[in-house]
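# Results of the structural survey
This is what each chain is made of:
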Amino acid sequence: MSSNLANEPARVVAMFRKMLLIRAFEEAAGEAFHAGNVRGSVHQYIGEESIAVGICENLRDDDFLTSNHRGHGHSIAKGADPRAMMLELFGRVGGTSDGKGGSMHIADFSVGMLGANGVIADGCTISVGAAQSIRLLKQDRIVVNFIGDGGINRGPFMEALNWAKVYELPVLFVCENNQIAATTTTRLVTAGEGIAKRAESFGIPAITIDGNDLFEVDSTTARVVAEIRNGGGPQLIQAMTYRLRGHFAHDPADYRDPKEVEAALGREPMVRTEAWLLENGVGVDEIAALKAEVDAEIAGYVEEAVNAPWPDGSLAFTDVQDVGAPAYPGEGR
Ligand SMILES: Cc1ncc(C[n+]2csc(CCOP(=O)(O)OP(=O)(O)O)c2C)c(N)n1
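Below you will find a few notes about this structure. Everything numeric here is computed off the predicted structure, so don't read it as measured data.

## Here's the deal with the overall build of the protein chain
Looking only at helices and strands, one finds eleven helices and eight strands in the protein chain. On C-alpha atoms alone, the protein chain measures out to a radius of gyration of 20 Å, which is about the 20 Å that the 2.2 N^0.38 rule sets for 333 residues. Based on the C-alpha atoms only, the size of the protein chain along its principal axes is roughly 65 × 50 × 40 Å. Residues classed as buried in the protein chain amount to 43% of the 333 residues present. When contacts within the protein chain are restricted to residue pairs at least 6 apart in sequence, those whose partners lie at least 24 apart make up 76%.

Take a look at the structure:
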């Protein structure tokens, strides 16, 4: 591991704490799903925490973020409130969208989190639209779009790359390459030489890094974000990683070679970051205290969410776009 971060142990501790918070949130979200408390799917971000944290620690609050179906980690890293997120997963009052969005539609405009998205690759085009607004308003914000390696095979990715480059928009595409899309090995369904080459074919600089190395993610992002903010146009980071759990909480992922999973466990970001901290003067007790603190924090949010009120049914059609959907029986229109 090498980056400026190495000279800033306190910053590493703060980033590690955020990674722990994401991990604890995801474990709790999975348990809540199995307990029947979460409607719909839960896609856990377990094993990829260093990417969200390493990227978002280099953003400003007023920078924008678009995400995908695996968006809890992105949202927490960008500063969304995990308490409100848990309420959202449970569909309760006080959730980020008062319970209407759920796991795949977490959004918090107060921290620039424009939304997770259940439609693969659709965050790409939203990010380009947001970047176009930044350009028109002559601001110096940037937009980060998180996309999976499966998402790069959908049309909106190509469309977004093209538009971003034609208008030299301030967008950072971050492809989290965990090498599998649902249950399909992505390499088997991807033509050409892959993600980075695809971006380069549009004239967009692309770099491939070890996404499980917090230090590499941090140093690369710091450089790339500065270049984009200074008007350098769009760029892409391909962050190599591995999804340690199934595609969603109810997927046992038994289609994977156990040896591959075991090898991945040895490279996982929590263990690596913790090892660095231990080697650099942070005590075992301090780390144990951090873990206990975040576990208690998340447990408190779960308890609150279990007991929180459901939204009033009369609010079902507020804050949602009504484009003339068919009337419900008895609605009288
Ligand atoms: C347009 C569209 N097609 C298919 C799906 C079903 N689907 C949900 S997640 C997923 C795989 C996504 O893989 P990737 O982009 O690599 O992200 P990862 O799950 O690995 O984080 C698919 C095919 C969808 N949600 N949207």
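That covers the picture; the talk isn't over yet.
## Observations concerning the site of the ligand
Contacts to the ligand come from 16 residues, most closely from Ile 120, Gly 148, Gly 150, Gly 151 and Ala 181. For the shell around the ligand, the residue count by class is five nonpolar, eight polar and three charged.

## Points about the pairing of strand E7 (residues 206-210)
Taken residue by residue, a regular strand's side chains alternate between the two faces of the sheet. For E7 and strand E8 (residues 235-240), the ladder comprises five bridges, and the chain directions are parallel. Looking across to E8, one finds that Ile 209 is bridged to Ala 239. Following the backbone out of E7, through helix H8 (residues 214-232) and into the adjacent parallel E8, one traces a crossover that is right-handed.

## Re the pairing of strand E4 (residues 171-177)
With respect to burial, E4 is a largely interior element, seven of its seven residues being buried. Burial along E4 is two-sided: Val 171, Phe 173, Cys 175 and Asn 177 facing one way and Leu 172, Val 174 and Glu 176 facing the other are all buried. The sheet contact formed by strand E3 (residues 143-148) and E4 spans six bridges and is parallel. Note on E4: the bridge partner recorded for Val 143 is Val 171. In terms of handedness, the path from E3 via helix H6 (residues 155-166) over to E4 forms a crossover that is right-handed. Two elements, E4 and E8, share six bridges in a ladder whose sense is parallel. Looking at the pairing, Glu 176 lines up with Ala 239 of E8.

## Thoughts on the sheet that holds strand E2 (residues 113-115)
With parallel pairing, the six strands of this open sheet are ordered in space as E2-E1-E3-E4-E8-E7. Of all the strands in the sheet, just E2 and E7 have a single pairing partner and so form its edges. Strand after strand, the sheet turns through a mean of 20° between neighbouring axes, direction not considered. Against the sheet, H8 contacts E4, E7 and E8, and its axis sits at roughly 170° relative to E8.

Definitions and limits used
- Residues numbered from 1 in each chain as written.
- Predicted model: local features only at pLDDT ≥ 70, side-chain atom pairs only at ≥ 80, totals over all residues.
- Helix = DSSP H or I, 4+ residues; strand = E, 2+ residues; numbered from the N terminus.
- Rg over C-alpha atoms; globule rule 2.2 N^0.38 Å.
- Buried ≥ 20, exposed ≤ 12 C-beta atoms within 10 Å, placed from the backbone.
- Contact = placed C-beta atoms within 7 Å.
- Near = placed C-beta within 6 Å.
- Nonpolar A, V, L, I, M, F, W, Y, C, P; charged D, E, K, R; others polar.
- Pairing = 2+ DSSP bridges.
- Right-handed = clockwise from strand over helix to strand, strands pointing away.
- Axes fitted to C-alpha atoms, helices over the stretch in contact; angles between N-to-C directions.

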